[in-house]
Amino acid sequence: PNLPALPLPEWEVVAEDSILSDVSNEYDGIEGLRKAVIRFLGNAAKNKAKELQLYSDQSMEWITADTNYGMKWLSLMCACIRRGVKIKIIHNINRNPREMIEAINSWLPLYMSGMIEPYYCKKPDEGRFSHTVFLYPDVACIEACHVRGYEGEGIYRYYVDQKHLALMKKAFAGLLQSSEPLVRVTSDWKRFSAPKKSSGGEVWTLLRSLSLATLPEGVLLRMLERNRVQEETKTYIYKQWKIRRKNFMDILAEGEIFYEFAPIVADEALFSGKARYGFGQYFYTPEEYAEHVQGVISMLETYPNYHFYPLPEPLFSNMRVFSNKEEVTVQRAEAPYISFQLTHPLMCRAFEGYMEKCKRQYRKDKNATKQLLKKYLL
């Protein structure tokens, strides 16, 4: 599976033999939980577990508060996925906005592997207690229940005996019966779509390169010709351009506010022929990139409701996100293709919060954005 290209620590180094062979039945506090999870995920990766079943409505700070540990956790999760471990997770979507944004950062790259099966539970959360069940069926389980807010002083139990494992397996199955799929997943690349209009009046796109919709038609056709793209592929790309261009123009014409986030390539990449555009294994010439940038500038000058946010680098290296107040679509931008959609209001609100955070972080006024872009005009 295609996973985050991050400088992650080697999972075998994270999951030391002394941790994997630990036989403790209990772990104390947050540091204990972290050690227990390394043991749990490390053994799952080492043994190529068939499936893991995860649920927790505890605060995610045990992962996110320590960046170093967060990287270790991600390394182990990626190791499990690469070694064929499927992960069935019941998400808690009733978290506060900050935690939901952190959850998006943590889980979105993993979703792109196609190995995550996510759910949300319909049962109400009474808010007094937090619960954690991390189950490696028939092998191991981390389980805890605490008064909310006292997790740092609590005990996390690590079961390996069949009596407790059978009980936890039955309990997780019962929770799953009260849950619904969180996302609709498809590997059909023909269903990849452009941003959709919203009754909320705002649309956001987060891309790994300049948008196909802002690329002038003549430039696209010349690029396809220069790269000697096969006729079938050329027809598909041109059809996608027309769909996305029409959607883009319709949204702007109806007065909806369109926020677009995309990285600007470094001069070194551009002039060495390594500036890739958003489809296939093709690259810009400096002249083509200048014409595409001019297309973005023209849109900024023509439509006051179009806002472009230049990024120093892609926020996610292999995916793009289209979202509005009613639906979020996340697509892997390279083979093997996968796309998923979320429509749950709380998840849409979380993505809206994530995009608002990006807006604050990368905000420039239109004149400053245009001046930055004009540096690429030849």
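Our structure is the block above this text.
For every chain, the first residue of the written sequence is number 1, and numbering continues from 1 along that sequence. Side-chain atom pairs in this predicted model are given and counted only at pLDDT of 80 or more, local residue features only at pLDDT of at least 70, and totals for whole chains, interfaces and linings cover all residues. For side-chain calculations, the full set of non-hydrogen atoms in the structure is used, while hydrogens and water are omitted.

Looking at the nonpolar core
Across soluble globular proteins, you tend to see nonpolar side chains buried next to one another.
Stage number 1. Formed by 75 residues in total, the largest nonpolar core has its most connected members in Phe 40, Leu 52 and Trp 73.
Stage number 2. Tallying contributions element by element places helix H5 (residues 67-82) first for this core, with 9 residues.
Stage number 3. It only takes one pair of heavy atoms within 4.5 Å for two residues to be counted as in contact. Among all residues touching Trp 73, those that are not within four sequence positions of it are Val 37, Leu 41, Trp 62, Ile 63, Ser 106, Trp 107 and Leu 110. Side-chain atoms within 4.5 Å link the members of a nonpolar core, which is a set of buried Ala, Val, Leu, Ile, Met, Phe, Trp, Tyr and Cys residues. Throughout, exposure labels follow a simple rule: accessible area from a 1.4 Å probe, protein chains only, divided by the maximum for the residue type, with under 20% read as buried, over 50% as exposed, and the rest as partly exposed. Helix numbering and strand numbering both begin at the N terminus, where a helix is a DSSP run of H or I of at least 4 residues and a strand a DSSP run of E of at least 2.

Notes on the packing of aromatic side chains
Stage number 1. Classification of ring pairs rests on two measures: the distance between centres of Phe, Tyr or Trp rings, Trp counted by its six-membered ring, which must be within 6.5 Å, and the angle between planes, read as stacked under 30 degrees, edge-to-face over 60 and tilted in between. Considering all chains together, one arrives at 14 aromatic pairs under this definition.
Stage number 2. Here the aromatic rings of Tyr 238 and Trp 241 are separated by 5.8 Å at their centres, their planes lie at 10°, and the arrangement is stacked. Of this pair, Tyr 238 and Trp 241 both sit in helix H9 (residues 231-253), 3 residues apart, which is roughly one turn of that helix.
Stage number 3. Take Trp 241: its relative accessible area is 7%, and that puts it in the buried class.
Stage number 4. Seen from their ring centres, Tyr 259 and Tyr 309 are 6.3 Å apart, and the 50° between their planes marks the pair as tilted. With Tyr 259 in strand S11 (residues 257-263) and Tyr 309 in strand S12 (residues 306-311), this residue pair connects regions lying 50 residues apart in the sequence.

Considering the environment of Asp 365
Stage number 1. With respect to the secondary-structure elements, Asp 365 resides in the loop between helix H12 (345-362) and helix H13 (366-374).
Stage number 2. The spatial distance from the C-alpha of Asp 365 to the C-alpha of Val 293 is 17 Å, given a sequence separation of 72 residues.
Stage number 3. Polar contacts involving the side chain of Asp 365 include one to the main-chain amide nitrogen of Asn 367, which spans 3.1 Å.
Stage number 4. A distance of 2.7 Å separates the side chain of Asp 365 from the backbone nitrogen of Ala 368, its partner in a polar contact. Residues adjacent in sequence count toward polar contacts only when both atoms are side-chain atoms; beyond that, a polar contact is any pair of N or O atoms within 3.5 Å, and within protein one must be able to donate a hydrogen and the other to accept it.

With respect to H5
Stage number 1. Expected span, for any helix, means 1.5 Å times one less than how many residues it has. Given a rise of 1.5 Å per residue, 16 residues ought to cover 22 Å, and the 22 Å separating the end C-alpha atoms of H5 matches this to within 8%.
Stage number 2. Capping the start of H5 is the job of one residue whose side-chain oxygen sits 3.0 Å from the backbone nitrogen of Asn 68: Asp 66.
Stage number 3. Gly 84 lies just past H5 and shows a positive phi near 85°.

Points about the pairing of strand S13 (residues 319-324)
Side-chain direction in a regular strand flips from residue to residue, so the side chains alternate between the two faces of the sheet.
Stage number 1. The element S13 is extensively covered by neighbouring structure, given that 6 of its 6 residues are classed as buried.
Stage number 2. Along S13, one buried face is formed by Met 319, Val 321 and Ser 323 and the opposite face, lined by Arg 320, Phe 322 and Asn 324, is buried too.
Stage number 3. Strands qualify as paired when DSSP identifies two bridges or more between them. The pairing of strand S10 (residues 202-206) with S13 spans 4 bridges and is classified as antiparallel. Across the sheet, residue Thr 205 finds its bridge partner in S13, namely Phe 322.
Stage number 4. One ladder, built from 5 bridges, connects S13 with strand S14 (residues 328-332); its direction is antiparallel. Across the sheet, residue Met 319 finds its bridge partner in S14, namely Arg 332.
Stage number 5. The turn joining S13 and S14, which pair antiparallel and follow one another in sequence, is formed by 3 residues.

Scope: geometric values only; no functional claims are made or implied.
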